[in-house]
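Reading the structure
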Amino acid sequence: AESLEGVSPNHYVSVNARCYCSLCRVCSLLSQHPLLLFVGASYTGLICNGAAMVLGHKPCGILGSIAVLEMALKQHGVSSSTGAVCCPSVIQALCNCGVVYREMERLEDAVAAYEAALAVAPNYPIVRTNLAVALTDLGTSLKLKGQLLQGISMYERALALVPRHSDALYNLGVACAEAGQIERAMFCYELTTHFNPQCAEAWNNLGVLHKEADNLERAAECYMAALNIRPNFPQSLNNLAMVLTSQGKAGEALSLLQAAISALPDYAEAHNNLGVLQRDVGAIPDALASYERALALVPESRNAGQNRLLALNYIHPGEDPAVCAAHAAWGEAFQARHAAHVLPEIRPAHRDMTPGRPLRVGYVTPDLFTHSVSYFAEAPLSHHNKQRVQLYVYSCVAKPDAKTARLRQQVAAVGGVWRDVARLPEQQLAQLVRQDDVDILVELTGTK
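Residues numbered from 1 in each chain as written. Predicted model: local features only at pLDDT ≥ 70, side-chain atom pairs only at ≥ 80, totals over all residues. Heavy atoms only, no water.

Overview of the overall build of the protein chain
A count of helical and extended segments in the protein chain gives 20 helices and four strands. Burial status across the protein chain gives 46% buried among its 448 residues. Put simply, 62% of the contacts in the protein chain that link residues at least 6 apart link residues at least 24 apart. In the form shown here, the protein chain has an accessible surface area of approximately 22,100 Å², with 56% of it arising from carbon and sulfur atoms. (Helix = DSSP H or I, 4+ residues; strand = E, 2+ residues; numbered from the N terminus. Buried < 20%, exposed > 50% of the residue type's maximum accessible area, 1.4 Å probe, protein only. Contact = heavy atoms within 4.5 Å. Areas by Shrake-Rupley, 256 points an atom, 1.4 Å probe, with all protein chains shown as cover.)

Structure below.
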């Protein structure tokens, strides 16, 4: 119950779309004279006026700038979403519309404006770059709304325009990792570090994937690369500490975790992992204090909550009222947090009560690999009478091994159904169990 932490911000670097103003030096002038505002009745003046307001230097603000830019486009009979006239002024106005829409978080409109500009000026690098930035923003917005595959599509479109766009590469890596496309995620992170070697987040996330693949040496190299860029990067300090802990280097790991907490005092995962390290060296009271600090920061933290319950058994007898009360309190809080997602109760009238039908028995566990639980579970999984029991196995194993494969074969031999559900959200897993019409669900998770 220790925790590696990847980093998946919307963007690791703020890549701001630029106003395209070649007819005047409005962008550079504004950076020197914030109050400078171009006012003019000419078409060029309208474009510059709109660009100035994009940057927030006009009391009427962003909405006013849209009106100004649309007025400029209207003079040539085009709109910000179509474009038509191959004229430098039109291209500039379309690009500036895209900038304004992006500032307003109207990302689809921003993409449409840039695409209109690109249609009339396919060889303008700044137009392609701005469109790639807007597509990356849109991809992240879609991903955060749960539309992961659509987000990936936007990142791919951005990279088709600007193949070395490290922001899109990084975000595509994050999305692919979330989608379980691990090799592709690693490839994207590798490219990100190639085109932007100073991207500490990409190095960190690449290290996480190598750690999950048990390539500890490469993972440590990646974390060190991130820390060479940002010495106080909390996630990489935490993650490198986990590698060193697994290698038995408790002293070095302790220093790194303390540094992570010093850099980010409200970093709950680092407090939890410090507790794991303290528990492993026998400092149980210190471990409990670390878990409690993690829970004070993130009350719903499962790792810290479960680790605290386990650690209590090391200093109190299992039947001690304090231990029992702590388990009860955790269970009640867990139920309260998830009350909104509890499925409706199944009444007997809704069950198949046919006499003599096979009993549907399900087992759910993440431990069906080379783990102590798998040895205890092997007998029931392989010896159910298939005339009397219909077996369902819900395997939450993150990294299957040879033992997993053997158990799967044994379940199939008795007519059982094996479902790999490691990446399935809990609510969907609960729905799946309901759909399978399971009569009895047995939970086989560890010994906590």
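Things to note about the packing of helix 6 (residues 125-144) against helix 7 (residues 148-161)
At a minimum axis distance of 7 Å, the contact between helix 6 and helix 7 shows a crossing angle of 170°. Viewed along their axes, helix 6 and helix 7 adopt a mutual orientation that is roughly antiparallel. Each of R128, L131, A132, L135, T136, L138, G139, T140, L142 and K143 in helix 6 lies in contact with helix 7, whose residues at this interface are L148, Q150, G151, M154, Y155, R157, A158, A160 and L161. (Axes fitted to C-alpha atoms, helices over the stretch in contact; angles between N-to-C directions. Parallel < 35°, antiparallel > 145°, perpendicular 65-115°, else oblique.)

Focus on the nonpolar core
In summary, soluble globular proteins display a tendency toward joint burial of nonpolar side chains. Within the largest apolar cluster, 73 residues are counted, with the highest numbers of intra-cluster contacts made by Y114, V127, L131, L135, L172, Y189 and L240. Examining the composition of this core, we find that nine residues originate from one element, helix 5 (residues 107-120), more than from any other. Non-local contacts of Y189, meaning those with residues more than four positions away in its chain, are made with Y170, G173, V174, A202, N205, L206 and L209. Ranked by size, the runner-up nonpolar core spans 15 residues in total, among them V276, A304, A311 and W330. (Core = buried A, V, L, I, M, F, W, Y, C linked by side-chain atoms within 4.5 Å.)

Quick word on the state of the cysteines
Inspection of the entire model under this criterion finds zero disulfides. With no disulfide of its own, C176 lies 4.9 Å from the sulfur of C188, the closest cysteine sulfur. (Disulfide = S-S within 2.5 Å.)

Quick word on the pairing of strand 2 (residues 389-395)
Strand 2 sits mainly inside the fold: six of its seven residues count as buried. Here four bridges tie strand 2 to strand 3 (residues 417-420), and the two strands are oriented parallel to one another. Across the sheet, residue S395 finds its bridge partner in strand 3, namely D420. Between the parallel pair strand 2 and strand 3, the chain is carried across by helix 19 (residues 402-413), and the sense of this crossover is right-handed. (Pairing = 2+ DSSP bridges. Right-handed = clockwise from strand over helix to strand, strands pointing away.)

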